[in-house]
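Fold and geometry: a report
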Amino acid sequence: MSDEAVDPAAYPKVRVCPFAPEPEYAKLRAETPIAKVPMVGGGNAWLVTRHDFVRQVLGDPRMSSDRRRPGFPQLSPDQRAVVTDMAPSLIGMDPPEHSEARRAVLGEFTVRRIEAMRPRIQEIVDDCIDEMLAGPRPVDLVRSLSLPVPSLVICELLGVPYADHDFFQERSSLMLRKTVSAESRRAAVEDIRKYLDELVAGKERELADDLIGRQIRKQRDAGAVDHDALVRMAFLLLIAGHETTANMISLGTLALLENPDQLAELVADPAKTLPAVEELLRYFTIVEAATSRTALEDVEIGSVLIRAGEGVVALGTAANRDPEVFDRPDELDIKRNARGHVAFGFGPHQCLGQNLARLELQIVFDTLFRRLPGLRLAVGVDDLPFKSDANVYGIYEMPVTW
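Below is a summary of the structure that appears in this document. Just so it is clear, the structure is predicted and the values come from calculations on it, not from any experiment.

**Describing the nonpolar core**
Core analysis: the biggest nonpolar cluster contains 91 residues, and Leu 145, Leu 196, Leu 254, Phe 284 and Met 398 have the highest contact counts within it. Sort the elements by how many residues they give to this core and helix H12 (residues 227–257) lands first, with 17 residues. Excluding anything up to four places from it in sequence, Leu 254 contacts Phe 19, Leu 377, Val 381, Leu 384, Phe 386, Ile 395 and Met 398. If you look at the next biggest cluster of nonpolar residues, it comprises 17 residues, including Val 54, Val 57, Leu 58 and Met 63.

Have a look at this one:
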């Protein structure tokens, strides 16, 4: 393994095939699984592509998630300008602040609490499909189902008025597009921050039985309310709570439609839906930016010494296609045991809302294909606008009929 830059084109790559990461990642994983590569935003960072090494990076407390550190991998030329003046949210914190902030909300996302939401999520999914059935065809699955379901769920959980969903969806899309200027992204961040600042202030004046209200009550009982921390928490949960799951609904539906034999198995036996969800999460691995790190001290991964201050990208898209862990990794197989994937990350920063995402995806896939037999794309796959320009992969629009 060499500490020289081995990839002439900067990371991150643009997905050319909608169903697979770039071939260079497989080559790196096989030949140089820890390689120094140039970053789109400038400078170099270590790109880690093997599954066991990715887990080692993500589980190591000597690896910092603070986006403001000088060596943090720059995924876009303006990334540092956007994050420099921002106090970190949960995703960008290090211990002990991260441990305390995560522990404060962890109880909201236990398996038992999330399972209690099943009837309401089922009702939301059914309502969306009712509207699809009552309207004209074809219909855009993204606008009719993929976005409304997780948006409604996270809005109700946080106590955010769903009537404002267009406001934060438009701005979250701007935040996540790589091609948007730093000024526009910063303005989108500030718009959402101001919105949530007012929302949290209102809940401080009049408590409600929602996640934000419960956090305010808990902080008051402990002695003081940290208003800014509550705003940052709400910001992260609001954006992450609808963008990621919405994209997985669209991509998962597409993959199943493109694999009719596996879809038929899933429809015939709903017990296969949860394994199918895990496999779809592994197969697409839509989030890359969250697994970037900076070494706080010299760290040896494999036989490579990563020095203090150097940036590291633990590439889940490559790790989840590692043939040493997943047999025939480039094939979609809903019968495989894919629970070892790192689509939700790994270690102390593993996705807080993973139980909620799994439940939403399970209910959507079970209900959609049962209630809309014969569901099919209304355009060719090549005509779909994939989010190759975004930090969270997905589809902008997906016309379907039945």
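**A look at the sheet that holds strand S4 (residues 139–140)**
Strands sit in the order S4-S10-S9 across an open sheet of three strands; the sheet is antiparallel. Here the strands that pair on one side only, and so sit at the sheet edges, are S4 and strand S9 (376–377). Inspection of the sheet shows S9 paired to strand S10 (residues 399–401) by two bridges, in the antiparallel sense. In the sheet register, Leu 377 faces S10, and the bridge partner there is Val 400.

**Section: the pattern of salt bridges**
If charged atoms from side chains of opposite charge come close, those side chains can pair. This structure, assessed with the given rule, holds 30 salt bridges. Three or more residues joined by partner-sharing salt bridges are found here, namely Glu 108, Arg 113, Asp 209 and Arg 214.

**What about H12?**
Since the α-helix packs 3.6 residues into each turn, any two residues three or four apart lie on the same face. Over its 31 residues, H12 extends 45 Å from the first C-alpha to the last, a length consistent with the 45 Å expected when each residue adds 1.5 Å. Across the 31 residues that make up H12, a large majority, 26, are buried.

**Regarding empty space enclosed by the protein**
This structure, assessed with the given rule, holds two cavities of 30 Å³ or more. Counted as a void, the largest cavity has a volume near 190 Å³. As for the largest cavity, its lining consists of 19 residues, of which Lys 13, Arg 15, Lys 178, Glu 288 and Ala 390 are closest to the centre. Looking at the lining of the largest cavity residue by residue, the class counts come to 10 nonpolar, three polar and six charged. If you add up the space inside the second largest cavity, you get close to 60 Å³. In terms of lining residues, the second largest cavity is bounded by Ser 173, Leu 176, Arg 177, Glu 243, Asn 247, Lys 387, Ala 390, Val 392 and Tyr 396. Elements with a contribution of two residues or more to the lining of the second largest cavity: helix H9 (165–176) and H12. A class-by-class count of the residues in the lining of the second largest cavity yields four nonpolar, two polar and three charged.

What counts and how
- Residues numbered from 1 in each chain as written.
- Predicted model: local features only at pLDDT ≥ 70, side-chain atom pairs only at ≥ 80, totals over all residues.
- Heavy atoms only, no water.
- Core = buried A, V, L, I, M, F, W, Y, C linked by side-chain atoms within 4.5 Å.
- Buried < 20%, exposed > 50% of the residue type's maximum accessible area, 1.4 Å probe, protein only.
- Helix = DSSP H or I, 4+ residues; strand = E, 2+ residues; numbered from the N terminus.
- Contact = heavy atoms within 4.5 Å.
- Pairing = 2+ DSSP bridges.
- Salt bridge = Lys/Arg side-chain N within 4 Å of Asp/Glu carboxyl O.
- Expected span 1.5 Å × (residues − 1).
- 1 Å grid on protein atoms, 1.4 Å probe; cavity = no way out; pocket = protein on both sides within 12 Å on 5 of 7 lines; lining within 4 Å.
- Points joined across faces, edges and corners; volume = space filled by probe spheres on them.
- Nonpolar A, V, L, I, M, F, W, Y, C, P; charged D, E, K, R; others polar.

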